[in-house]
Amino acid sequence: MAAGYLDILRARHAARLLTGTLVGRLPNGTAHIAIVLFTRAEGGSYTQAGALAAAYGLATAVGQPLLGRAVDLYGQPRVQFPAAVLSALGMSLLALVGLGTLPLAYLAVIVAGLFTPPLEGGLRALWPSVLGREDRVHRAYAMDAVAQEVMFTVGPLLVTVLVSLWSPAAALLVINAIGVLGALSVVLSEPSRTWRSAPREAHWLGALRSPGLLALLGSFFFVGLALGSITVAGVAYADDHGRESVYGWLMAALGLGALIGGAAYGARQWAGAPERRLRVIVALLALGYLPLMLTPSVPVMTALAALAGVFLAPAIACSFIVVDRHAPRGTVTEAFSWLVTTFGVGAAAGTAAAGPAVEIGGTAWSFAVAGAGGVAALVVLLATGRVLADPGRTTAVVAGSENDRNGAVEPGFSSGHKA
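Keep in mind that what you see is a predicted model, and the values were worked out from it rather than measured.

Colleague: Hey, could you run me through the overall build of the protein chain in this one?
Modeller: Secondary structure assignment for the protein chain yields 18 helices and zero strands. Considering the protein chain as a whole, with its 419 residues, one finds that 59% of them fall into the buried category. Sequence-distant contacts in the protein chain: of pairs separated by 6 or more residues, those separated by 24 or more amount to 82%.

So, in structure tokens, the structure goes:
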């Protein structure tokens with residue numbers, strides 16, 4: 001299992017880019033947790049916490065495609081690092097002003113979300129030129145998904161440790177300072193400095209003119225909704241059991257399960273169309289969310305959280321390949337940004353829905369939002385199976401262009417390859 005990942009990490013610049021991106025995305029990966037804990041510490045309600053987290057998520061959703069387009073026009077360093085600094089300043093403002101002036105608090109989280117740097121799409125734009133072969137790029141997608149789960153495993157624990165040692169405000173400041181350093185490491189690397197966007201066919205819809213991509217985005221909206229609701233539901237469960245640390249352990253268990261699942265998924269080559277494989281994975285993902293509604297004892301709930309996370313990273317890794325197959329020529333970075341956006345909108349909707357669900361029906365109802373999200377994601381994939389089965393001609397690759405984000409770095413490298 002480890003040999004394939006080591007092969008990728010030994011490639012020049014690969015380890016630095018992956019690590020820098022992971023660290024740079026830490027503020028975004030932990031923002032919902034940090035905002036919820038900060039709001040509760042300031043005396044805010046669950047609904048208020050969910051609303052602030054939702055505002056951050058929606059702002060991120062708006063900013064990602066805009067910043068992704070700016071990266072295409074001006075390059076990575078001129079966009080990624082200034083955006084990271086502005087995002088960190090937004091969160092710093094929240095930490096300093098608190099909830100005393102609510103409009104200012106909302107402005108702070110909106111600025112932080114809007115300027116979240118598109119490091120995720122940027123990394124996937126760099127993989128073809130760094131790794132070369134299609135099989136290595138596909139394995140890098142899986143490793144990327146696994147790396148996200150490292151962040152989602154370590155991030156909640158880091159936030160709760162910082163909160164316990166200092167305060168929620170200090171956690172916001174420290175996490176965002178670390179994120180700026182990660183973004184700086186990426187933009188100073190040679191692949192990031194020399195990357196240029198490939199020519200793209202002019203169309204006002206851009207990547208969104210692909211029906212298959214739209215179907216995938218519809219499904220992953222509901223996956224995001226499920227995860228966003230768990231953010232609030234986990235806090236409510238921890239409050240029910242009188243221990244703040246329970247929340248960190250639940251989120252870490254969810255991430256650990258995804259880490260294990262993603263590592264296993266990326267360790268082998270998969271036959272058949274990735275669209276069919278994605279339906280099976282999302283079905284198992286939905287099945288894993290449903291038992292959380294039982295809200296059993298802490299040890300059992302932690303085990304259930306780990307089980308619920310097992311199929312998350314495989315679903316994300318498989319979705320990357322589907323994006324690559326369905327994105328119109330020259331729009332893969334934009335397409336990945338839309339995936340982040342849709343996921344973020346779903347997460348925002350989930351956090352916004354879970355807050356009132358807790359106050360109306362208790363913790364079990366907030367976990368029911370997650371279960372419903374998983375089932376809805378599967379229904380979308382099943383309903384759009386015919387569209388997803390045909391990538392069409394939009395995935396044609398310009399041969400020989402190492403910066404074409406559909407991945408043509410050598411003859412025979414085609415994004416239409418079936419994983």
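Colleague: Looking at this structure, I do not really get the pattern of salt bridges. What am I missing?
Modeller: Opposite charge on two side chains permits pairing when their charged atoms draw close. This structure, assessed with the given rule, holds eight salt bridges. In this structure, the salt-bridge partner of E120 is R124, at a minimum N-O distance of 2.8 Å. Of this pair, E120 and R124 both sit in helix α7 (residues 119-131), separated by four residues, roughly a single helical turn. Assigned by exposure class, E120 and R124 land together as buried. Each member of the salt-bridge network shares a partner with another, and the members are R25, E120, R124 and D144.

Colleague: Which parts of the structure should I look at to understand unusual backbone geometry?
Modeller: The phi angle of most residues is negative, glycine excepted, and most peptide bonds adopt the trans form. Located in the positive-phi region is H13, a residue other than glycine, with phi close to 75 degrees. Here H13 shows up in the loop between α1 (2-9) and α2 (14-24). You can call H13 partly exposed: its relative accessible area is 24%. A positive phi angle, near 40 degrees, is found at T295, a position not held by glycine. In this fold, T295 is placed in the loop between α13 (274-289) and α14 (298-309). For T295, a relative accessible area of 25% puts it in the partly exposed group.

Colleague: Teacher, can you tell me more about the packing of aromatic side chains here?
Modeller: One pair of aromatic rings is described through two measures. These are the centre distance and the angle between the planes. A full pass over the atoms with the stated rule returns five aromatic pairs. Each ring, one from Y265 and one from W270, has its centre 5.2 Å from the other, and the planes form 20 degrees; the classification is stacked. Owing to a relative accessible area of 8%, Y265 belongs among the buried residues under this scheme. Using a relative accessible area of 28% as the deciding quantity, one classes W270 as partly exposed. Aromatic side chains F320 and F336 sit 5.7 Å apart centroid to centroid with 85 degrees between the ring planes, which places their arrangement in the edge-to-face category. Taken together, the positions of F320 in helix α15 (residues 312-326) and F336 in helix α16 (residues 332-361) put the pair 16 residues apart, joining distant regions of the chain. Judged by its relative accessible area of 1%, F320 falls in the buried class. Grouped by ring-pair contacts, the aromatic residues Y141, F320 and F336 constitute a single cluster. Across the ring face of F320, the terminal group of R124 is positioned such that the distance to the ring centre comes to 3.7 Å.

Colleague: In this structure, what is going on with the side chain of Q80? I would like to understand it.
Modeller: Mapping Q80 onto the fold places it in helix α5 (residues 77-97). Q80 gets classed as buried once you look at its relative accessible area, which sits at 0%. For Q80, the side chain forms a polar contact with the main-chain oxygen of P118, separated by 3.3 Å. Ignoring any residue separated from it by four or fewer positions in sequence, one finds Q80 in contact with V71, P117, P118, L119, G122 and V187.

Colleague: In this structure, what is going on with the packing of helix α4 (residues 46-74) against α16? I would like to understand it.
Modeller: Each pair of packed helices can be described by the angle between their axes along with the distance between the axes. Contact geometry for α4 and α16: axes closest at 8 Å, N-to-C directions at 175 degrees. By the angle class used here, α4 and α16 are roughly antiparallel. For the contact of α4 with α16, the residue count by class is 13 nonpolar, 11 polar and four charged.

Colleague: Help me out: how do you make sense of the nonpolar core in this one?
Modeller: Across soluble globular proteins, you tend to see nonpolar side chains buried next to one another. In this structure, W127, L131, F220, L278, Y289, L292 and L312 are the most contacted members of the largest nonpolar core, which totals 102 residues. In terms of residues, this core owes the most to one element, helix α11 (residues 211-240), which gives 15 residues. If we ignore the near neighbours within four places in the chain, the residues touching W127 are A14, L18, G132, V137, A140, Y141, M143 and D144. By size, the runner-up hydrophobic cluster in this structure holds 18 residues, among which are F38, A55, L94 and A112.

Colleague: Where do I start with the environment of D144 in this structure?
Modeller: With respect to the helices and strands, the residue D144 is situated in helix α8 (residues 134-165). Using a relative accessible area of 2% as the deciding quantity, one classes D144 as buried. For the pair D144 and A317, spaced 173 residues apart in the sequence, the C-alpha separation amounts to 7.6 Å. For D144, the contacting residues outside a window of four places in its chain are L18, R25, L123, R124, W127 and F320. A polar contact is formed between the side chain of D144 and the side chain of R124, at a distance of 2.9 Å.

Cut-offs applied
Residues numbered from 1 in each chain as written. Predicted model: local features only at pLDDT ≥ 70, side-chain atom pairs only at ≥ 80, totals over all residues. Heavy atoms only, no water. Helix = DSSP H or I, 4+ residues; strand = E, 2+ residues; numbered from the N terminus. Buried < 20%, exposed > 50% of the residue type's maximum accessible area, 1.4 Å probe, protein only. Contact = heavy atoms within 4.5 Å. Salt bridge = Lys/Arg side-chain N within 4 Å of Asp/Glu carboxyl O. Phe/Tyr/Trp six-rings, centres within 6.5 Å; stacked < 30°, edge-to-face > 60°. Lys NZ or Arg CZ within 6 Å of the ring centre and 35° of its normal. Polar contact = N/O pair within 3.5 Å; in protein donor to acceptor, adjacent residues only side chain to side chain. Axes fitted to C-alpha atoms, helices over the stretch in contact; angles between N-to-C directions. Parallel < 35°, antiparallel > 145°, perpendicular 65-115°, else oblique. Nonpolar A, V, L, I, M, F, W, Y, C, P; charged D, E, K, R; others polar. Core = buried A, V, L, I, M, F, W, Y, C linked by side-chain atoms within 4.5 Å.

Functional significance is not addressed by these values, which are geometric in nature.
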